[in-house]
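Topology and contacts: notes
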Amino acid sequence: MRIAGGCQLKGEIEISGAKNLALPAVVATILTEEPVTLRNVPNLADVKSLLELLDCFGTEINYKDTHTITLSTRNIKSTLAPYDFVRKMRASILSLGALIARYKKATVSLPGGCAIGARGVDLHIKALEALGAHIDIKNGYIEAEAPKGLVGCDITFPMTTVTGTENILMAAVLAKGITRLINAAMEPEVEAFCELLNKMGARITGAGTSVITIEGVDSLHGTEYKIIPDRIEAGTYAIATAITNGKVLLKNCEYEHLASFFETLNLVGISCEQKENGVLISCNAEEIHPVSIQTAPYPGFPTDLQAQYTVLMSLANGGSSITENIFENRFMHIPELARMGADITIHGKTAIVNGVKKLAGAQVMATDLRASVSLVIAGLVAEGETVVNRLYHLDRGYENLEEKLNNCGANVERFEV
Ligand code: EPU
């Protein structure tokens, strides 16, 4: 992707459906034999990969339009999630909870490490065992079975896990009795996921808090559900707007889902105004003020916006620190930003950023989804041309990125090499 630096973003950007809700929502459709229609599904490579896995299971997939899909899993052909799928698409691990809940058995590949860290699934496994599943790890696969079904109990997560919470929610909705998830993830996507499950007939209370209670039911039914807007996509464009000294309305963005992030941007000198149909971002300061952050589970600063925020801080009028508390290897964008002239040093899980006056265009390499988009944002303000290689990461999580940016005055294009 070639990015010509020096634009000022102005206009409107429509925020797509949330990737990190669409993924568990697609998997949750396996919990019922009736059709489930999902609306506002983002058109992303990650969603397509997961749909291919459901196709392997025997799910019928019908697209009504690009963003509306009806899924029905009347009869399952297989309860195996092969390595090739899970390796490509970590969220495939969510099939473990759904398959064992409805079919009482599942064989799901262990995901292995990824570009941002080891990302274990031990908490998913321990919680399923607590619900009565018998689990063997064999040849890189998790073999789980619960011939008599799962039985509800209290589960305390030693650390918050987003997909762990979602996996166990799916296992518990069809278990006998009551399950309580303590220290459950509170992310808006998890809360919305509970809403979807309740629309399918589940009995879940406490969604959006750290204690979720699930009263098991015998079966779930079909429904229709609209995926909430992607707060990470919105936060990404908020930073892109601020850094280019622009003014953009993020259409559909839910202010509440990013409240603490917007408060941080306010301290930086960026105005984030809640409007009827979204959030209006504009940079009302002469300069970007340095504000240190630490990533934390919701409602803290999202790890998925850390790389983009690092770019913003690299142009601040002073020094700041950025501490990554969720993933152990999520600073891969920093050496690339340094090639563009950023002054950042890494000390363990903290990056010390000294603001510079300007960045310079360069050839850079994308390493994961959020790192990739941070390089694109840096390219928007860098002097000269930036070329970002390995674009497939971007397509996993940003729908129509070039179109959305170019409609607001950017000059971004893809080319084949
Ligand atoms: N962890 C374990 N063991 C487990 C589960 C998690 O050690 O069994 C650790 C992880 O290694 C990590 C921390 O706990 O250090 C938190 O991981 P979590 O399970 O919450 O992450 P996730 O569910 O795998 C989701 C998002 C990520 C997002 C994180 C944190 C989806 C599909 N993915 O991952 O999104 O960064 O929560 O908010 O929902 C992205 O969109 O770019 C992305 C990486």
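Another aspect to go through is the packing of aromatic side chains. Counting across every chain of the model gives 4 aromatic pairs. One aromatic cluster in this structure is built from Tyr255, Phe261, Phe262, Phe301 and Tyr309. When the ring centre of Phe415 is taken as origin, the NZ or CZ atom of Arg2, which lies over that ring, is 4.1 Å away.

For the rest of this paragraph, the subject is the sheet that holds strand S4 (residues 60–65). The strand order across the open sheet formed by 4 strands is S4-S5-S3-S14, and the pairing between neighbours is mixed. In this open sheet, the two strands that pair with only one neighbour each are S4 and strand S14 (223–226). Averaged over all neighbouring strand pairs, the angle between strand axes comes to 20°, with direction disregarded. Examined bridge by bridge, strand S3 (residues 36–39) and strand S5 (residues 68–72) share 3 bridges and lie antiparallel to one another. Across the sheet, the residue bridging to Val36 is Leu71, located in S5. Packing of helix H7 (residues 188–199) onto the sheet brings it into contact with S3 and S14, and relative to S14 it is tilted by some 160°.

Turning to the environment of Leu258, a few remarks are in order. With respect to the helices, strands and loops of the structure, Leu258 is situated in the loop between strand S15 (247–251) and helix H9 (259–268). By relative accessible area, Leu258 is classed as buried at 2%. Distance from Leu258 to Leu21, taken between C-alpha atoms, is 15 Å for residues 237 residues apart in sequence.

Another aspect to go through is the pairing of strand S8 (residues 134–138). As paired elements, S8 and strand S9 (residues 141–145) share 5 bridges and run antiparallel to each other. Its bridge partner lying in S9, Asp136 is registered against Glu143. Two successive antiparallel strands, S8 and S9, enclose a turn made up of 2 residues, where Asn139 displays a positive phi of approximately 50°.

Turning our eyes to something else, we now look at the side chain of Ser92. Looking at the secondary structure, you find Ser92 in the loop between helix H3 (83–88) and helix H4 (95–103). Take Ser92: its relative accessible area is 1%, and that puts it in the buried class. Within polar-contact distance, the side chain of Ser92 engages the backbone oxygen of Met89 at 2.6 Å. Those residues in contact with Ser92 that lie beyond four places of it in its chain are Leu50, Leu53, Phe85, Val86 and Val108.

Below, the discussion takes up the site of the ligand. Not every one of the 22 residues close to the ligand is listed here, only the nearest: Asp122, Thr161, Thr163, Asp304 and Ile326. A distance of 2.6 Å separates an oxygen atom of the ligand from a polar atom in the backbone of Ile326. In isolation the ligand offers 830 Å² of accessible surface; the protein chains occlude 88% of this area. Elements supplying a minimum of two residues to the shell around the ligand: helix H1 (19–28), helix H5 (122–130), helix H6 (162–173) and helix H12 (369–381).

Next up on the list: the nonpolar core. Counting residues in each nonpolar core, the largest one holds 77 residues, and the members touching the most others are Leu31, Leu169 and Leu197. Here the element with the most residues in this core is H1; it accounts for 7 residues. Once you skip the residues sitting within four places of it in the chain, Leu169 turns out to touch Leu181, Val190, Phe193, Cys194, Leu197, Ile204, Ile212 and Ile214. Of all hydrophobic cores here, the second largest spans 71 residues; its members include Cys283, Leu312, Ala366 and Leu369.

Here the focus is the domain arrangement of the protein chain. Each assigned domain of the protein chain is listed here: domain 1 (2–16 + 229–413) and domain 2 (19–226). Between the C-alpha centres of domain 1 and domain 2 the distance comes to 31 Å. Taken together, the 22 residues of domain 1 in the interface contact 18 residues of domain 2. Around 1700 Å² of area is buried between domain 1 and domain 2 when both sides are counted, 52% of it from carbon and sulfur atoms. Its largest share of buried area at the contact with domain 2, domain 1 owes to Tyr298, Arg396 and Glu399, together 33% of the area lost on that side. Our enumeration of links across domain 1 and domain 2 arrives at 2 salt bridges. A salt bridge links Glu189 to Arg231, with the shortest nitrogen-to-oxygen separation between them at 2.8 Å. On inspection of domain 1 and its partner domain 2, the count reaches 7 residue pairs in polar contact (both at pLDDT 80 or more). Looking at the side of domain 1 that touches domain 2, the elements with two or more residues in it are H12 and helix H13 (392–397).

Let us now look at unusual backbone geometry. With an omega dihedral of 10°, the bond running from Tyr298 to Pro299 counts as a cis peptide bond. Note on placement: Pro299 falls in the loop between strand S18 (293–294) and helix H10 (306–313). The phi dihedral of Lys104 is positive, around 65°, even though this residue is not glycine. As for its placement among the helices and strands, Lys104 is situated in the loop between H4 and strand S7 (105–109).

Thresholds applied
- Residues numbered from 1 in each chain as written.
- Predicted model: local features only at pLDDT ≥ 70, side-chain atom pairs only at ≥ 80, totals over all residues.
- Heavy atoms only, no water.
- Phe/Tyr/Trp six-rings, centres within 6.5 Å; stacked < 30°, edge-to-face > 60°.
- Lys NZ or Arg CZ within 6 Å of the ring centre and 35° of its normal.
- Pairing = 2+ DSSP bridges.
- Helix = DSSP H or I, 4+ residues; strand = E, 2+ residues; numbered from the N terminus.
- Axes fitted to C-alpha atoms, helices over the stretch in contact; angles between N-to-C directions.
- Contact = heavy atoms within 4.5 Å.
- Buried < 20%, exposed > 50% of the residue type's maximum accessible area, 1.4 Å probe, protein only.
- Polar contact = N/O pair within 3.5 Å; in protein donor to acceptor, adjacent residues only side chain to side chain.
- Near = heavy atom within 4 Å.
- Areas by Shrake-Rupley, 256 points an atom, 1.4 Å probe, with all protein chains shown as cover.
- Core = buried A, V, L, I, M, F, W, Y, C linked by side-chain atoms within 4.5 Å.
- Domains from an automatic or database assignment.
- Buried area = accessible area lost by both parts, 1.4 Å probe.
- Salt bridge = Lys/Arg side-chain N within 4 Å of Asp/Glu carboxyl O.

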